[in-house]
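Structural overview for review
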Amino acid sequence: MSAAAPAAAERPILRERGQREVFCGLTGIVWLHRKMPDAFFLVVGSRTCAHLLQSAAGVMIFAEPRFATAIIEERDLAGMADLDEELDRTVSRLLERRPEIATLFLVGSCPSEVIKLDLARAAVRLGSTRPQVRFLAYSGSGIETTFTEGEDACLAAMVPVLPQAAPDAASLVIVGALPDIVEDQFARLFAEIGIDNVAFLPGRSVRDLPPVGPGTRYLLAQPFLGTTAQALEERGAVRIPAPFPFGAEGTAAWAGAAAAAFGIEELALRRAIAPARERAKRALERYRPALAGKTVFFMPDSQLEVPLARFLASELGMVPIEIGTPFLHRAHLAEELALLPAAVTVSEGQDVERQLDRVRAARPDLTVCGLGLANPLEAEGLATKWSIELVFSPIHGFEQAGDLAELFARPLRRRDVLRV
Ligand code: SF4
């Protein structure tokens, strides 16, 4: 942490507008459908959308998948077919085959947006004749979006159907899809801290949604949930400002912010988190020799870039050169921006060619980037880390701090081995 770090509001941000190289929001289905086993995701899109999903979720091929694509054919695009009728037929067939589906997300795509198919209206229509199923709609399109926005859109679509909490019911909601193991660890952590009424959005069942109201305080577990946060605030919930729970100190500050909001004494908090925090610190110590002093460049991709760069700089001594992020939510990232080293460039938006020029000029020890950029950079002798892997892997919290460091250490080790 640099004492000279400018306040979040003052830090200059380089804005980039140009060619983009990202996955679309449909990608989120890969981790969301694992998190919500009683939900089904029906993409209304093209064969390209179906291929993207199948290849992104290739490992699921042997399981009964909980997602599918209703293909919009050329005659649909030409306006020759009644798309509402076709969608009704597809949904009926799906529900006959899969009567266990409790919530069905209709997921929009570029083609459905281009032809202005109103999936929100379709969800209301389908729900009116099938009351046993909850229909929700959101967009996973790649038009001007990046892949983590799919989760934001999905969770925001759930907010209006969250039950209303009693006005005086104080509760904490952790917002952002977390692997079940991490959810369990956080539930135990908050119980030890002394916060009882804790729920997760999304939880493991879309039938069991957390109530929300003016007594609800929410803590973001992911930095890419701007629309969801806004929807929660419209329901009266109040955000607890905090850094994100990456690493020993990030997790301590995140949990500490919740403790302060619930009037827990500092001493009680410290005592509750001390064993896990110490374990995390020890796990990180093992990685410091390999990572300290190494330079890292983040290409804009997952929207996790700012908190991860803070983690690498402040907890492992790495030196971020540039932190690119597709979108920068200044309010949600204020605590993180304040903890970044003063000298680092933060850029928002994408202009892939200019950013690649800067990577080549800087030749960082590690470049965190999208899949499509990793191979060409590796071919140029640069070590890379796929940013999407950081969204798929359990990386939050004290117990995962060492695993998170390992994700950055591994490509450097591999490069060293290749050099020998
Ligand atoms: S939603 Fe758009 S970007 Fe995503 S796979 Fe379909 S066509 Fe491609």
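Residues numbered from 1 in each chain as written. Predicted model: local features only at pLDDT ≥ 70, side-chain atom pairs only at ≥ 80, totals over all residues.

**Describing the packing of helix H8 (residues 180-193) against helix H11 (residues 266-285)**
Spelled out, the test is: Each axis is a line fitted through C-alpha atoms, and for a helix only the stretch in contact is used; angles between axes span 0 to 180 degrees, taken between their N-to-C directions. Helix numbers and strand numbers start at the N terminus; a helix is a DSSP run of H or I with at least 4 residues, a strand a run of E with at least 2. Throughout, a pair of residues is in contact if the C-beta atoms placed from their backbones lie within 7 Å. Here the nonpolar group is Ala, Val, Leu, Ile, Met, Phe, Trp, Tyr, Cys and Pro; Asp, Glu, Lys and Arg are the charged ones; every other residue, Gly included, is treated as polar.
Here H8 crosses H11 at 145 degrees, and the two axes come no closer than 8 Å. Along its contact with H8, which presents Leu189, Glu192 and Ile193, the element H11 presents Leu269, Ala272, Ile273 and Ala276. Taken together, the residues that form the contact of H8 with H11 break down as six nonpolar, no polar and one charged.

**Describing the domain arrangement of the chain**
To keep it simple, the criterion reads: For the domain bounds, the source is a domain assignment made automatically or taken from a database.
Considered domain by domain, the chain is made up of domain 1 (13-20 + 287-419), domain 2 (25-145) and domain 3 (171-283). Here the C-alpha centroids of domain 1 and domain 2 sit 33 Å apart.

**Description of the site of the ligand**
The following threshold applies: Nearness here is judged by the C-beta atom: place it from the backbone, and if it falls within 6 Å of a molecule or strand, the residue counts as near that partner.
As a matter of local geometry, the ligand sits amid Cys24, Leu26, Gly45, Ser46, Thr48, Cys49, Leu52, Ser109, Cys110, Gly140, Ser141 and Gly142. Considering every element that reaches the shell around the ligand, the biggest residue donor is helix H2 (residues 47-56), with three residues.

**Quick look at the packing of helix H10 (residues 247-261) against helix H13 (residues 305-316)**
Counted only if it meets this: Working definition: roughly parallel below 35 degrees, roughly antiparallel above 145 degrees, roughly perpendicular at 65 to 115 degrees, and oblique for all remaining angles.
At a minimum axis separation of 8 Å, H10 and H13 run at an interaxial angle of 120 degrees. Classified by the angle their axes make, H10 and H13 are oblique. For the pair H10 and H13, the contacting residues are Gly247, Ala248, Glu249 and Gly250 in the first and Pro307, Phe311, Ser314 and Glu315 in the second. Residues belonging to the contact of H10 with H13 are distributed by class as follows: three nonpolar, three polar and two charged.

**A look at the pairing of strand S11 (residues 319-325)**
Heads up, the rule is: Buried means a residue has 20 or more other C-beta atoms within 10 Å of its own C-beta, exposed means 12 or fewer, and partly exposed covers the counts in between; C-beta atoms are placed from the backbone. Strand pairing follows a simple DSSP-based rule, namely that at least 2 bridges must link the two strands. With its strands directed away from the observer, a crossover is right-handed exactly when the path from the first strand over the helix to the second travels clockwise.
For S11, a buried count of six out of seven residues is recorded, marking the element as mostly surrounded by other parts of the structure. Pairing of strand S10 (residues 295-298) with S11, which is carried by four bridges, proceeds in the parallel orientation. When the sheet's bridge partners are listed, Thr295 is paired in S11 with Val319. Remark: the S10/H13/S11 crossover connection has right-handed handedness.

**With respect to the sheet that holds S10**
If you trace the six strands from one edge of the open sheet to the other, you get S1-S12-S11-S10-S13-S14, paired in parallel fashion. The open sheet is flanked by strand S1 (13-17) and strand S14 (384-386), the only strands paired with a single partner. Going across the sheet, the axis of each strand differs from the next one's by a mean of 20 degrees, ignoring polarity. Strands in contact with H13 are S10 and S11; relative to S11, the strand with the most contacts, it is inclined by about 170 degrees. Here helix H15 (residues 352-362) sits on the sheet in contact with S1, S10, S11, strand S12 (345-350) and strand S13 (366-369), set at roughly 175 degrees to S11.

**Some thoughts on the environment of Ile321**
The residue Ile321 is located in strand S11 in this model. A residue is classified by how many C-beta atoms lie within 10 Å of it, and Ile321, with 20 of them, is buried. It is 8.0 Å that separates the C-alpha atoms of Ile321 and Ala343, two residues lying 22 residues apart in sequence. Not counting chain neighbours up to four residues away, the residues in contact with Ile321 comprise Thr295, Val296, Phe297, Val344, Ala362 and Pro364.

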